[in-house]
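Here is how the chains run, residue by residue.
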Amino acid sequence: MAKLIQILGPGCPKCAETYDVVTQAAADAGADVNIEKVTDFKKIASMGVFTTPAVVVDGVVKVAGRAPKKSEVAGWL
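Residues numbered from 1 in each chain as written. Predicted model: local features only at pLDDT ≥ 70, side-chain atom pairs only at ≥ 80, totals over all residues. Heavy atoms only, no water.

Student: Please explain the nonpolar core as it appears in this structure.
Tutor: For soluble globular proteins, the rule of thumb is that nonpolar side chains tend to be buried together. In terms of nonpolar packing, the biggest core is built from twelve residues, these being Ile5, Ile7, Val21, Val22, Ala25, Ala26, Val33, Val55, Val57, Val63, Val73 and Trp76. Of all the secondary structure elements, the ones that give two or more residues to this core are strand 1 (3-8), helix 1 (13-29), strand 3 (54-57) and helix 3 (70-76). Looking at this core, the element that brings in the most residues is helix 1, giving four residues. Leave out the neighbours within four places in its chain, and tryptophan 76 touches Lys3, Val55, Val57, Lys62, Val63 and Pro68. Val38, Val49, Ala54 and Val56 belong to the second-largest nonpolar core, a separate cluster that totals six residues. (Core = buried A, V, L, I, M, F, W, Y, C linked by side-chain atoms within 4.5 Å. Buried < 20%, exposed > 50% of the residue type's maximum accessible area, 1.4 Å probe, protein only. Helix = DSSP H or I, 4+ residues; strand = E, 2+ residues; numbered from the N terminus. Contact = heavy atoms within 4.5 Å.)

Okay, structure coming up:
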């Protein structure tokens with residue numbers, strides 16, 4: 001079953017970097033994932049995230065306030 005990875009943020013440069021890192025790590029791993037961008041601040045806050053960018057994997061916040069390293073993302077897959 002595919003993992004749901006959500007990239008939370010308004011679309012800032014760090015958010016774009018986060019999206020790129022996550023998509024590249026998933027592609028390198030050949031992982032079955034669905035990647036979704038979430039830009040609605042109410043939805044982001046409802047997930048308990050108040051600093052962006054953030055990455056949520058299957059409902060669990062993995063990182064907030066910074067772009068993750070590709071090696072971190074690989075560990076979540």
